[in-house]
Amino acid sequence: MTTNRHTLPLHQSTRYELGLVVLLFLTWGTVFLDRMSLLYLAPFIAPDLRLSHTQLGLLVSALALAWAVSGLVLGAVSDRIGRRPVLVPAVFSFSLLSWVSGVVRSFGELFAVRILMGIAEGPTWSTITATVEESSAPERRGRNVGVVVSAAALVGLALAPVLTTQIAARVGWRGAFFVAGIPGILLGSLLWKFVREPARKLSETDHHIPHWREYLALLRHRNILLCCLAAAGFMNWLFVMNAFAPLYITEVSMNSATFAGLILGASGLGAFLWGWTLPWLSDYTGRKPALLFVALISAIVPLTYQITYLGSHPWLLAIAGFIANGGQGIAALALVLVPAESVPPEFAATAIGLTTLVGEVFGGTLAPAIAGNVADRYGLAAPLWIAAAGAVIVFCAGLFLRETAPHKPANPAARL
């Protein structure tokens, strides 16, 4: 097999594998930092730009829809031309768009910028996760994917709410967007210099570039359809909860935006812990048991914000969110590991992109818009119940999944 400085053989060094996981962990965390910043800054942005709850939901939905289409299309492109040519430009693009978010003057301008950001960020998910999945030894696949995906929790759900609200309280929400865009520029440069193209076959003669018609065959896989359902439930849980929990804490519980940032940050730390431990354990216990457990506990999180006793005891509220927030474990299992292990390797990014597309359309696009309208009509408690229902949907989908963990030799779907 011929190689160049951007390509590694399948059985590459453990040292490179570790370095790749670290770099992609930081990159994915930065992606989620930029994506989630708007939600945590909503208590600052809404009064300045005079946004309604419905408009806030539409902003979340616009990015999600653009992310969904871009993730599927460019994920499929990366299956054909490679991961690096798609990933590196995307990282630079969404970082620059974070800066542009800081200069908008109206809902319409912010809406347009969020659509462009969704287009830029969409392919990062499928290319990052496919790269780490393809570059990992089978016995470390769950661990490595879990670690990388958990960055969304540590950076996007734990650090981001604290960082963005603290910066906004001091220099304004526009300055917070500028700060959020800096890490992506630095990481884009590191990706361009150090990340090599994963080779998915041992020889070039074995490498099969699929025909476009073959992508439709993915819809015949039972696990893919169930993962699409789980993705919709997960993203409904994730985005509805994170869009409206800060508003519930500030408008209903009458706490400050920085207080909301700290509470959500504690919940995000719990998501980080579950996000890498459960996929790692799934290398030994199987993907299905881990998914069922994490979906069940995650349904509790949105409801904790409505418990008056916890609201008057912030440390208890923070602890409750920390213990129960397992959402990033769902992302690693239902959106990456099971889809990628259920199809031939040349369709890995496409399978990830397809489940993400369905999740983003129904859970990330429609659910926040509907929840925003429901909030305007019935109050901010209603969206939190909608979020909890999303985790229940994940649990129901998980009941019917076929096991794909590589250590389970009886499972024909498992790919080594």
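Residues numbered from 1 in each chain as written. Predicted model: local features only at pLDDT ≥ 70, side-chain atom pairs only at ≥ 80, totals over all residues. Heavy atoms only, no water.

(A) Just the overall build of the chain, in detail. Counting secondary structure elements, the chain contains 16 helices and two strands. Across the 416 residues that make up the chain, the buried fraction comes to 60%. Pairs at least 24 apart in sequence give 87% of the contacts found in the chain among residues at least 6 apart. Within the structure as shown, the chain displays about 15,700 Å² of accessible surface, and the carbon and sulfur contribution to it stands at 71%. (Helix = DSSP H or I, 4+ residues; strand = E, 2+ residues; numbered from the N terminus. Buried < 20%, exposed > 50% of the residue type's maximum accessible area, 1.4 Å probe, protein only. Contact = heavy atoms within 4.5 Å. Areas by Shrake-Rupley, 256 points an atom, 1.4 Å probe, with all protein chains shown as cover.)

(B) Representation of the packing of aromatic side chains within the structure. Summed over all chains, the structure comprises nine aromatic pairs. A centroid spacing of 6.2 Å and a plane angle of 70 degrees characterise the contact between Phe-25 and Phe-272, whose relative ring orientation is edge-to-face. Highlighted residues: Phe-25 in helix α1 (residues 14-49) and Phe-272 in helix α9 (residues 257-285), separated in sequence by 247 residues. The exposure class of Phe-272 is partly exposed, given its relative accessible area of 22%. Ring centres of Trp-276 and Trp-280 lie 5.8 Å apart, and the angle between their planes is 35 degrees; on these two criteria the pair is classed as tilted. With Trp-276 and Trp-280 both in helix α9, this residue pair falls four residues apart, about one helical turn. Taken together, the ring pairs connect Trp-28, Phe-32, Trp-67 and Trp-125 into an aromatic cluster. Across from the ring centre of Trp-67, 4.1 Å away, lies the NZ or CZ of Arg-35, which sits over that ring. (Phe/Tyr/Trp six-rings, centres within 6.5 Å; stacked < 30°, edge-to-face > 60°. Lys NZ or Arg CZ within 6 Å of the ring centre and 35° of its normal.)

(C) Fine view of the side chain of Ser-126. Locating Ser-126 in the fold gives a position in helix α4 (residues 107-135). On the accessibility criterion, Ser-126 (1% relative accessible area) is buried. Aside from chain neighbours lying at most four places away, what touches Ser-126 is Gly-71, Gly-75, Ala-349, Ile-352 and Gly-353.

(D) How the structure looks around the nonpolar core. Counting residues in hydrophobic clusters, the biggest one holds 114 residues, and the most contacted among them are Trp-28, Ile-45, Trp-125, Phe-234 and Tyr-305. When residues in this core are grouped by element, the largest group, 19 residues, is from α1. When near neighbours in sequence (up to four residues on either side) are disregarded, Ile-45 contacts Leu-38, Arg-50, Leu-51, Leu-110, Trp-173 and Phe-177. (Core = buried A, V, L, I, M, F, W, Y, C linked by side-chain atoms within 4.5 Å.)

(E) Region of the structure containing unusual backbone geometry. The backbone of Arg-50 shows a phi angle near 55 degrees, a positive value even though the residue is not glycine. With respect to the element layout, Arg-50 can be found in the loop between α1 and α2 (53-81). Residue Arg-50 is classed as exposed on the basis of its relative accessible area, which comes to 75%.

(F) Layout of helix α8 (residues 222-252). The end-to-end C-alpha distance of α8 is 43 Å, a good match for the 45 Å that 31 residues give at a rise of 1.5 Å each. Of all the bends found along α8, the most pronounced is centred on Phe-244 and spans about 30 degrees, while Pro-246, a proline, follows it within four residues. The element α8 is extensively covered by neighbouring structure, given that 26 of its 31 residues are classed as buried. (Expected span 1.5 Å × (residues − 1). Bend = angle between axes of the 7 residues up to and from the residue.)

(G) Focus on the confidence of the model for the chain. Scored by pLDDT, the chain has a mean of 82; 88% of the residues are at 70 or more. Within the chain, strand β1 (residues 7-8) has the poorest average pLDDT of any element, 45, and helix α16 (residues 381-398) the best, 94. Here residues 201-206 is a poorly scored stretch, pLDDT under 50, and it has 11 contacts once near neighbours within four places are set aside; other chains count. Note on residues 412-416: pLDDT under 50 across the span, and 21 contacts to partners over four residues away in sequence or across chains. (pLDDT = per-residue confidence, 0-100.)

(H) The arrangement of the side chain of Glu-121 in detail. Relative to the elements of secondary structure, Glu-121 occurs in helix α4. Non-local contacts of Glu-121, meaning those with residues more than four positions away in its chain, are made with Val-31, Asp-34, Arg-35, Leu-63, Trp-67 and Phe-94.

(I) Fine view of the packing of α1 against helix α6 (residues 173-194). Remark: α1 packs on α6, axes separated minimally by 9 Å, with the N-to-C direction vectors making an angle of 165 degrees. Taken together, α1 and α6 sit at an angle that is classed as roughly antiparallel. α6 is crossed by α1, and the crossing has left-handed handedness. The class makeup of the residues in the contact of α1 with α6 is 19 nonpolar, five polar and three charged. (Axes fitted to C-alpha atoms, helices over the stretch in contact; angles between N-to-C directions. Parallel < 35°, antiparallel > 145°, perpendicular 65-115°, else oblique. Left-handed = near helix turned anticlockwise from the far one by under 90°. Nonpolar A, V, L, I, M, F, W, Y, C, P; charged D, E, K, R; others polar.)

(J) Inspection of the environment of Leu-317 at higher detail. Turning to its location among the elements, Leu-317 is positioned in helix α13 (residues 314-324). Separated by 13 residues in the primary sequence, Leu-317 and Thr-304 have C-alpha atoms spaced 6.9 Å apart.

(K) Representation of α2 within the structure. Over its 29 residues, α2 runs 41 Å from end to end, which matches the ideal 42 Å to within 8%, given 1.5 Å per residue. Gly-82 occupies a position one or two residues after α2 and carries a positive phi of about 115 degrees.

(L) Expanded view of the environment of Ala-137. Here Ala-137 shows up in the loop between α4 and α5 (141-171). Between the C-alpha atom of Ala-137 and that of Thr-14, which follows or precedes it by 123 residues, the distance is 8.7 Å.

(M) How the structure looks around the pattern of salt bridges. Taken as a whole and judged by the stated rule, the model has seven salt bridges. When the shortest N-O distance is used, the salt bridge between Arg-35 and Glu-360 registers 2.9 Å. Linking Arg-35 in helix α1 with Glu-360 in helix α15 (residues 348-378), this pair joins segments that are 325 residues apart in sequence. Of the charged contacts in the structure, one is a salt bridge between Arg-287 and Asp-283, with a shortest N-O distance of 2.9 Å. By the burial criterion, Arg-287 is buried, and Asp-283 matches it. Residues joined in a network through salt bridges with shared partners are Glu-133, Arg-141, Asp-283, Arg-287 and Glu-341. (Salt bridge = Lys/Arg side-chain N within 4 Å of Asp/Glu carboxyl O.)

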